[in-house]
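Structural features, examined
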Amino acid sequence: NMFSTHQLAHEQRRAFDFFQKNLHLCNRSTMVAPSTLTLDNVTDEGNTHFLYGHITPSMLPRLPGWKWNQSRTKISMYDAHNEFNVTFFKLNTRKTNSKSEIKQPRYKIWIFHITNIRYNMKSSFVWCEKGQVLPILDDNLLKDLSFLEQFVSMDQAIEFGWSDSQKALDSSPTSFDFSNTQASTVMVDCSNFSLF
């Protein structure tokens, strides 16, 4: 490891270890401007972002009724070669008005300010440790929703496991059965026919 973390509290060490595991992903193609952040992509649990410059809590999107609150002091660390300084801190949410009926969400975000000392290049890493958890469609839930099959396309029904592809072919209007026809000429107008 580039940094010594023995002096950090358990929660801080866990966050810093996560940061170090992601540091190799930091390059020009993964960096974005702070202005591109949205509330959803900042607060979706597990999301990470590398940003140009050092971001401040006030630069993060939020909703009325609550604000980002720095809950721990900033920790500043240097790598073994004194080429990089990393300063990091944790943010929670706090109501802007204690009498307000609005409940603030329970988010936990870590912000890391990275400075390349030699070139004075500044960037940030943002990690949402606790945030919105996106619902996951598991097989049991999909089976429970199979009554909706008649309202979706055949491709979607197959994708959701509500119909198999052979059944779809058998019921497809493009399947023709000529087994009981007489030997005669059959004209089929295909001018409006499309496979896609």
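Residues numbered from 1 in each chain as written. Predicted model: local features only at pLDDT ≥ 70, side-chain atom pairs only at ≥ 80, totals over all residues. Heavy atoms only, no water.

Here's the deal with helix α1 (residues 10–22)
Its 13 residues place the ends of α1 19 Å apart at the C-alpha level, agreeing with the 18 Å of an ideal helix rising 1.5 Å per residue. All buried positions along α1 are accounted for by E11, Q12, A15, F16, F19, Q20 and N22. (Helix = DSSP H or I, 4+ residues; strand = E, 2+ residues; numbered from the N terminus. Expected span 1.5 Å × (residues − 1). Buried < 20%, exposed > 50% of the residue type's maximum accessible area, 1.4 Å probe, protein only.)

Topic: the nonpolar core
By size, the foremost hydrophobic cluster in this structure holds 16 residues, and its most contacted members are F16, F19, M77, F88, F112 and F125. Of all the secondary structure elements, the ones that give two or more residues to this core are α1, β4 (75–78), β5 (84–95), β6 (108–116) and β7 (121–130). Once you skip the residues sitting within four places of it in the chain, F88 turns out to touch L8, Q12, F16, T73, K74, I75, M77, W110, I111 and F112. (Core = buried A, V, L, I, M, F, W, Y, C linked by side-chain atoms within 4.5 Å. Contact = heavy atoms within 4.5 Å.)

Examining the packing of aromatic side chains
One pass over the full model with this rule turns up 16 aromatic pairs. Measuring from centroid to centroid gives 5.2 Å for F3 and F16, while their planes differ by 80°, and the two rings are edge-to-face. One end of the pair, F3, is in the segment before α1; the other, F16, is in helix α1, and 13 residues separate them in sequence. The class for F3 is buried, based on a relative accessible area of 5%. A ring pair is formed by F88 and F112, whose centres lie 5.0 Å apart and whose planes are at 15°; its orientation type is stacked. Of the two residues, F88 is situated in strand β5 and F112 in strand β6; the sequence distance between them amounts to 24 residues. Each of the two residues, F88 as well as F112, counts as buried. (Phe/Tyr/Trp six-rings, centres within 6.5 Å; stacked < 30°, edge-to-face > 60°.)

Digging into the pattern of salt bridges
Per the stated rule, a full pass over the model turns up five salt bridges. Across the pair R14 and E129 runs a salt bridge whose closest N-O atoms are separated by 2.3 Å. With R14 in helix α1 and E129 in strand β7, this pair connects stretches of sequence that are 115 residues apart. We note a salt bridge from R118 to E83, for which the minimum N-O separation is 3.7 Å. Here R118 is found in the loop between β6 and β7, whereas its partner E83 is found in the loop between β4 and β5, with 35 residues between them in sequence. Residue classification places E83 among the partly exposed residues on the basis of a relative accessible area of 31%. Salt bridges sharing common partners tie together E11, R14, K90, K108 and E129. (Salt bridge = Lys/Arg side-chain N within 4 Å of Asp/Glu carboxyl O.)

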